[in-house]
Amino acid sequence: MLVCVCVSVFVCLSVLQNPWGSVNPAAPACSLADVMILACFKLKENIFFYYTTSDLMLAQILQMQFDREFDDQLRREEKKFNGDSKVSISFENYRMVHPYEDSDSSEDEVDWQDTRHDPYRAEKPQTTPRKGFTGKGKNITTKHDEVNCGRKNTARMDNFAPEVHVGDGLGMDLKLSNQVFNSLKQHCYSEQRRSAKLHEKKEHSTAEQAVDPRTRLLMYKMVNAGVLENINGCISTGKESVVFHADGGSLEEQPVPDEVVLKVFKTTLNEFKNRDRYIKDDYRFNDRFSKLNPRKVIRLWAEKEMHNLARMKKAEIPCPDVVVLKKHILVMSFIGKDHVPAPKIKDAMLGSEDMKNAYYQVLHMMQQLYRECNLVHADLSEYNMLWHEGKVWLIDVSQSVEPTHPHGLEFLFRDCRNISTFFQKKGVSEAMSVYDLFNTVTGLQIPVGAENEAEFMAEIVALEKRNEDHVQKRRKKVFPFASEDSGPPLEPDADD
Ligand code: ADP
Ligand code: MG
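Residues numbered from 1 in each chain as written. Chains lettered and ligands numbered in written order. Predicted model: local features only at pLDDT ≥ 70, side-chain atom pairs only at ≥ 80, totals over all residues. Heavy atoms only, no water.

Labelled according to an unreviewed UniProt entry, the chain appears under the name Serine/threonine-protein kinase RIO3, originating from Mastacembelus armatus. UniProt, in the comment section headed Subcellular location (unreviewed entry), describes the chain in these words: "Cytoplasm". Taken verbatim from the UniProt record of the chain, the Sequence similarities (unreviewed entry) comment is "Belongs to the protein kinase superfamily. RIO-type Ser/Thr kinase family." (UniProt positions renumbered as here; feature names shortened; annotations may be inferred.)

Okay, here's the thing in structure tokens:
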């Protein structure tokens, strides 16, 4: 048979040596006479032709060529898959041509030696029969025989966990005394327990951070896109979100601050279920809420926080600047300096003057929120106010609603209670009662007289109800967007 095979120069040269390196000494040697190289080198194209009459040789050449082409394709796919990503995945394990071929290290060849007759291989330890000894008379060896026991102990090291490196002992005629073996065994057990604990902790912390693979990918993508330089670490893990610190990168449209935070809204839904009412009754979102699957609802929370922050920024309330929103990850400016977040006001250890100052700032901000932003924070407390550069900064506004929300005024009342209680406890004598604070913020004049909370609340609920009825009737909100004249924004309508 005379066949013409076209292969690359490299392959042919290897073929002349032995295409399988030292792997296959058993293959029948291919005499040079079998291979008649034709003088048709086409070096420019790296191609030449030759004739061979050996079927085995042909098969090997073809297989080799096939394997190489497969590997080349794999490399291309690997390149395409990884792109410019900083984190790449190797396809090395799927290669056909064994990596040893690319290396001329003589060490690799050792791997291919037949180890069936390894001169260093240990003698199999003798097993002692049931009677407890072997041999006769003077030559009796009991199961306590030192040499035998030593060998058995060495063999038992094979049962240690795979991550325990037992070295070359298994391959030699090593005899471990019982004492040494027992302490080794003890050490392995305690190591295993320690590593299991560590692993558990790691798993737990990942779970806590609730950063699922999809979210991680989104975060990496932001780094790859250059929006972020680096994601540094977690500042806080709450029930609904995880907050990370990151170094800002750049965006085409706008500058990115040097330090930013990523607020990742958790995609585990359970916690959000309890908070549905903040969003499904918010007319800005309720239309979309009903159409979305629960996972996408999480994105609405992030979006809601972004819109609320934008309103606050417009009113010049100190709060984080929104940098970018990607699905359920909101990137905003970092309140703090040099990786150290500003303390929550409850932890800020303010002197009495600063505390009084802070109180007036908060009072002013609550009014601005209500009147200028048409918002009620709905989770305002000493936990969601940071103290930075002598100012109170408001954060965490994903749940904030407009006062026209069916429970908006109740949320506001709760905010007022948190604020009054906190500042009164901190000794700010100017801090108003919850009722006065509510009236001051809203401009309403709900009678405070008896200071009976139930009565006050009943008034609030009645107002909400009237508004709701009105909305139903007119399909229109009566709470006006806070007017310039600071008159009470919520006045019972004449025709109610
Ligand atoms: P949660 O809904 O989990 O309470 P927050 O928005 O309140 O989410 O953020 C949790 C914590 O993360 C905050 O108490 C604060 O310490 C920190 N944090 C959030 N946003 C920022 C920010 N922009 N700058 C600095 N720290 C922040
Ligand atoms: Mg919070």
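Asker: When you look at the overall build of the chain in this model, what are you seeing that I'm missing?
Answerer: Across its full length, the chain holds 14 helices and 14 strands. Each of the 496 residues in the chain was classed as buried or not, and the buried ones make up 37%. In the chain, once contacts between residues fewer than 6 apart in sequence are set aside, the share between residues at least 24 apart is 62%. Approximately 30000 Å² of the chain is accessible, and the part contributed by carbon and sulfur atoms is 52%. (Helix = DSSP H or I, 4+ residues; strand = E, 2+ residues; numbered from the N terminus. Buried < 20%, exposed > 50% of the residue type's maximum accessible area, 1.4 Å probe, protein only. Contact = heavy atoms within 4.5 Å. Areas by Shrake-Rupley, 256 points an atom, 1.4 Å probe, with all protein chains shown as cover.)

Asker: Is there a simple way to think about the packing of aromatic side chains in this case?
Answerer: Ring pairs (aromatic) are described by centroid distance and by the angle formed between their planes. Tallied over the full model, the rule gives nine aromatic pairs. Relative to Phe423, the ring of Phe422 has its centre 5.0 Å away and its plane inclined at 80°; by these criteria the two rings are edge-to-face. A single burial state applies to Phe422 and to Phe423, both of which are buried. In textbook terms, an aromatic cluster arises when at least three aromatic residues are bridged by ring pairs, as seen for Tyr359, Tyr360, Phe422 and Phe423. (Phe/Tyr/Trp six-rings, centres within 6.5 Å; stacked < 30°, edge-to-face > 60°.)

Asker: Is there a simple way to explain the sheet that holds strand S8 (residues 259-265) in this structure?
Answerer: Strand pairing within a sheet occurs via backbone hydrogen bonds; the two strands may be parallel or antiparallel. Strand order in this open sheet of five strands is S6-S7-S8-S10-S9, and the pairing throughout is antiparallel. Across the chains shown, the open sheet's two edge strands, defined by having one partner strand only, are strand S6 (228-237) and strand S9 (322-326). Here the average twist between neighbouring strands, direction ignored, is 25°. Direction of pairing for S8 relative to strand S10 (residues 329-333): antiparallel, over a ladder of five bridges. The residue of S10 that forms the bridge with Val264 is Ile329. (Pairing = 2+ DSSP bridges. Axes fitted to C-alpha atoms, helices over the stretch in contact; angles between N-to-C directions.)

Asker: How do you make sense of the coordination of the magnesium ion (ligand 2) when you look at a structure like this?
Answerer: Note on metal geometry: ideal angles are 109.5 degrees for four donors arranged tetrahedrally and 90 or 180 degrees for six donors arranged octahedrally. Around the magnesium ion (ligand 2), the protein contributes the donor atoms Asn384 (OD1) and Asp396 (OD), which lie 2.2 Å from the metal centre. A residue pair is termed long-range when its members are at least 10 positions apart, and Asn384 in the loop between helix H11 (352-371) and strand S13 (385-388) and Asp396 in the loop between strand S14 (391-394) and helix H12 (408-425) qualify at 12 residues. Under the relative-accessibility criterion, Asn384 is labelled buried at 7%. (Donors = N, O, S within 2.8 Å, 3.2 Å for Na, K, Ca; no water.)

Asker: Help me understand the site of ligand 1 in this model?
Answerer: Looking at ligand 1, there are 17 residues lining it, with Ser241, Lys263, Ser333, Ile335 and Asp396 nearest. Within the side chain of Lys263, an N or O atom sits 2.7 Å from an oxygen atom of ligand 1. For the shell around ligand 1, the secondary structure elements donating two or more residues are S6, strand S7 (241-248) and S8. Classifying every residue of the shell around ligand 1 by side-chain character gives nine nonpolar, five polar and three charged. For the shell around ligand 1, the two domains that each supply at least three residues are domain 1 (211-219 + 226-341) and domain 2 (342-477). (Near = heavy atom within 4 Å. Polar contact = N/O pair within 3.5 Å; in protein donor to acceptor, adjacent residues only side chain to side chain. Nonpolar A, V, L, I, M, F, W, Y, C, P; charged D, E, K, R; others polar. Domains from an automatic or database assignment.)

Asker: How should I be thinking about a nonpolar patch on the surface in this particular structure?
Answerer: A surface patch of nonpolar side chains, about 280 Å² in accessible area, is lined by Phe66, Phe70 and Met96. As for its placement among the helices and strands, Phe70 is situated in helix H2 (residues 55-82). For Phe70, a relative accessible area of 32% gives the class partly exposed. (Patch = residues over 30% accessible without salt bridge, like charges linked within 9 Å, V, L, I, M, F, W, Y side chains within 5 Å. Salt bridge = Lys/Arg side-chain N within 4 Å of Asp/Glu carboxyl O.)

Asker: How do you make sense of the pattern of salt bridges when you look at a structure like this?
Answerer: If the charged atoms of two oppositely charged side chains come close together, the side chains can form a pair. Evaluated as defined, the whole model comprises nine salt bridges. Here Glu453 ties to Arg417 by a salt bridge, and the two come within 2.5 Å at their closest N and O atoms. With Glu453 in helix H14 (residues 453-474) and Arg417 in helix H12, the pair connects residues that are 36 residues apart, well separated along the chain. On the accessibility criterion, Arg417 (33% relative accessible area) is partly exposed. When salt bridges with common partners are traced through the structure, they connect Lys263, Glu305 and Asp396 into a single cluster.

Asker: It is not clear to me how a positive patch on the surface should be interpreted in this structure. Could you clarify?
Answerer: A cluster of like positive charges, contributed by Arg214, Lys221, Lys296 and Lys327, occupies part of the molecular surface. Structurally, Lys221 is set in helix H6 (residues 213-224). (Lys, Arg positive; Asp, Glu negative; His and termini not counted. Charge placed at Lys NZ, Arg CZ, Asp CG, Glu CD.)

Asker: For this particular structure, what's the right way to read the pairing of S14?
Answerer: The side chains of a regular strand alternate, first on one face of the sheet and then on the other. Sheet analysis places S13 next to S14, joined by four bridges and oriented antiparallel. Considered in S14, the bridge of His388 is made with Lys391. Here S13 hands over to S14 after two residues, with Glu389 in that stretch at a positive phi of 50°.

Asker: In this structure, what is going on with the packing of H12 against H14? I would like to understand it.
Answerer: Angle between the axes and distance between the axes: these two values describe a pair of packed helices. In the contact formed by H12 and H14, the axes pass within 8 Å of each other and the chain directions differ by 145°. Touching Gly408, Leu409, Glu410, Phe413 and Arg417 of H12 are Glu453, Phe456, Met457, Ile460, Val461, Leu463 and Glu464, all from H14.

Asker: What should I look at first to understand the packing of H12 against helix H13 (residues 434-442) in this one?
Answerer: For the pair H12 and H13, the least separation of the axes is 9 Å and the interaxial angle reads 125°. With respect to H13, the element H12 is oriented oblique. At the point where H12 passes H13, the crossing takes the right-handed sense. Between H12 and H13, the residues in contact are Leu409, Leu412, Phe413, Cys416, Arg417, Ile419 and Ser420 and Val434, Tyr435, Leu437, Phe438, Val441 and Thr442, respectively. Per-class residue counts for the contact of H12 with H13 are 10 nonpolar, two polar and one charged. (Parallel < 35°, antiparallel > 145°, perpendicular 65-115°, else oblique. Left-handed = near helix turned anticlockwise from the far one by under 90°.)

Asker: Quick question: what am I supposed to make of the side chain of His377 here?
Answerer: Tracing the sequence through the fold places His377 in the loop between H11 and S13. For His377, a relative accessible area of 1% puts it in the buried group. In this structure the side chain of His377 is engaged in a polar contact, spanning 3.1 Å, whose partner is the backbone nitrogen of Leu380.

Asker: What's the story with the environment of Asp436 in this structure? I'm lost.
Answerer: With respect to the helices and strands, Asp436 occurs in helix H13. Along the backbone, Asp436 and Pro447 are 11 residues apart, and their C-alpha atoms lie at a distance of 9.5 Å.

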